Amino acid sequence: MTTDERYMQRCLFLARKAIGYTYPNPLVGSVIVHEGKIIGEGWHTKAGEPHAEVNAIASVKDKDLLKESALYVNLEPCSHFGKTPPCADLIIEKEIPKIVIGCVDIYSKVAGKGIERLQQAGREVIVGVLEAESQALNKRFFTFHAQKRPYIILKWAQTRDGFIAPLQQAQQAPVWISNAFSQQLTHLWRAQEGAILVGKHTVEKDNPSLTTRHWVGNNPLRLVIDNDNSLPNSLAIFQGDPTVVFTSVQASNTPHISFALLSSSVPMPKQVCNYLYEQQVQSLIVEGGAQVLQQFIYEGLWDEARIFVGSPQFSEGLKAPQLRGDLIATQEIEGDYLFVLKRD
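Read on for a plain summary of the structure. Only a predicted model underlies this, so the values are computations on that prediction, with no experimental measurement involved. (Residues numbered from 1 in each chain as written. Predicted model: local features only at pLDDT ≥ 70, side-chain atom pairs only at ≥ 80, totals over all residues. Heavy atoms only, no water.)

A word on the pairing of strand β9 (residues 221-225)
Argument step 1. β9 sits mainly inside the fold: four of its five residues count as buried.
Argument step 2. Once you follow strand β8 (residues 195-199) into helix α8 (residues 200-206) and on to β9, the crossover reads as right-handed.
Argument step 3. Sheet topology note: the β9/strand β10 (residues 243-247) ladder contains four bridges and is parallel. Its bridge partner being in β10, L223 is matched across the sheet by V244. (Buried < 20%, exposed > 50% of the residue type's maximum accessible area, 1.4 Å probe, protein only. Helix = DSSP H or I, 4+ residues; strand = E, 2+ residues; numbered from the N terminus. Right-handed = clockwise from strand over helix to strand, strands pointing away. Pairing = 2+ DSSP bridges.)

Points about the packing of helix α9 (residues 268-278) against helix α10 (residues 290-298)
Think of two packed helices as two axes; the pair is described by the angle between the axes and how far apart they sit.
Argument step 1. Contact geometry for α9 and α10: axes closest at 8 Å, N-to-C directions at 85°. Taken as axis vectors, α9 and α10 run roughly perpendicular relative to one another. Contact with α9, carried on its side by M268, P269 and V272, involves V292, Q295 and F296 of α10 and no other residues of that element.
Argument step 2. Considering only residue class, the contact of α9 with α10 consists of five nonpolar, one polar and no charged. (Axes fitted to C-alpha atoms, helices over the stretch in contact; angles between N-to-C directions. Parallel < 35°, antiparallel > 145°, perpendicular 65-115°, else oblique. Contact = heavy atoms within 4.5 Å. Nonpolar A, V, L, I, M, F, W, Y, C, P; charged D, E, K, R; others polar.)

Brief notes about the sheet that holds strand β6 (residues 151-158)
Argument step 1. Across the sheet, which stays open at both edges, the nine strands sit in the order β11-β10-β9-β8-β12-β6-β13-β16-β15 with mixed pairing between neighbours. Among the strands making up the open sheet, the edge pair consists of β11 (257-261) and β15 (326-333). The sheet shows a mean angle of 20° between the axes of neighbouring strands, taken without regard to direction.
Argument step 2. Two elements, β10 and β11, share five bridges in a ladder whose sense is parallel. For T243, the partnering residue across the bridge sits in β11 and is I257.
Argument step 3. Of the strands in this sheet, β6, β12 (283-288) and β13 (304-309) are in contact with helix α6 (residues 139-147), which crosses β6 at around 125°.

Here's the deal with the nonpolar core
Argument step 1. Counting residues in hydrophobic clusters, the biggest one holds 33 residues, and the most contacted among them are L154, V272 and F296.
Argument step 2. Discounting chain neighbours no more than four positions away, the residues touching V272 are L197, L223, I225, F246, L284 and F296. (Core = buried A, V, L, I, M, F, W, Y, C linked by side-chain atoms within 4.5 Å.)

Here we look at the pattern of salt bridges
Argument step 1. Overall, the coordinates contain nine salt bridges when judged by the stated rule.
Argument step 2. Overlapping salt bridges, with partners in common, bring together K139, E304 and R306 in one network. (Salt bridge = Lys/Arg side-chain N within 4 Å of Asp/Glu carboxyl O.)

Thoughts on the sheet that holds strand β2 (residues 37-43)
Argument step 1. Strands sit in the order β2-β1-β3-β4-β5 across an open sheet of five strands; the sheet is mixed. Of all strands in the sheet, those with a lone pairing partner are β2 and β5 (124-127), marking the two edges. Sheet twist, expressed as the average angle between the axes of neighbouring strands with direction ignored, equals 15°.
Argument step 2. The sheet contact formed by strand β4 (residues 98-103) and β5 spans four bridges and is parallel. The residue of β5 that forms the bridge with I99 is V125.
Argument step 3. Set on the sheet, helix α4 (residues 113-120) makes contact with β4 and β5; between it and β5 the angle comes to about 150°.

Given below as structure tokens:
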């Protein structure tokens, strides 16, 4: 690993600290190096608050050293006025001579303009250090702006013999296939994403809350597919934070429930994606049930699948969804197995 890559790796580490908190902004970390020593670092913590470069510069005790330093950042510095001033202007103002960038920002208001401004000011600019890693960190941001839809994660738990649910369910409560550690990990994921979706049958059988109650973090926006709008408002999914119901029946919004009208002429997954894009929601977890998951698979609207395989066996029941993808990670979690696939 080169020296530049080592410092960029630190930028990525810092950026990850804010996952789930910066929407609609990307995850960005920055370090400032003087004669082989990090003298300042920072990351973007929340939309509307200072960017990573600003925090890194502010953390440097002796500002005179900035004129002899290199600034590292995993994403191209902004060059436009948004909720905060342009970072490129601050870097120029502080006379930082060298800027090392992980990847270009494809957002239309930046898209190379920050790099161009720095170069026009006579700064040395290096682009593409740990580029793939930098792009992967902001996969939600890049997917949203490039494909005009949220980054989509399919998630389910299945038995060793390939079932997602038993044939019969005695009461309105979840039948757990994965263990408590896997369930806690699921709540961490919820805190990292913008929205979560389930179908009507999952709500009827499991009465889920779809919150992050087993982890510290923001609750995702809850979405439910209910074509005939027949789910009672007393269910857990309609308590507390707002929920959006996708339905074919005209209905009036309430303080906690919004309705999105489904069209018969457009596939449901596409309509959900269009709605979330309009709402500036950059990521979605689809948690079930099997029919809803399979519809997203059929339409090719998914980016990752996270599949838990628990120890139970049902012998018969509802078969788990079927998909093809590239296996990118496996993990053993106290007897459960997690398989992560990426769409090929």
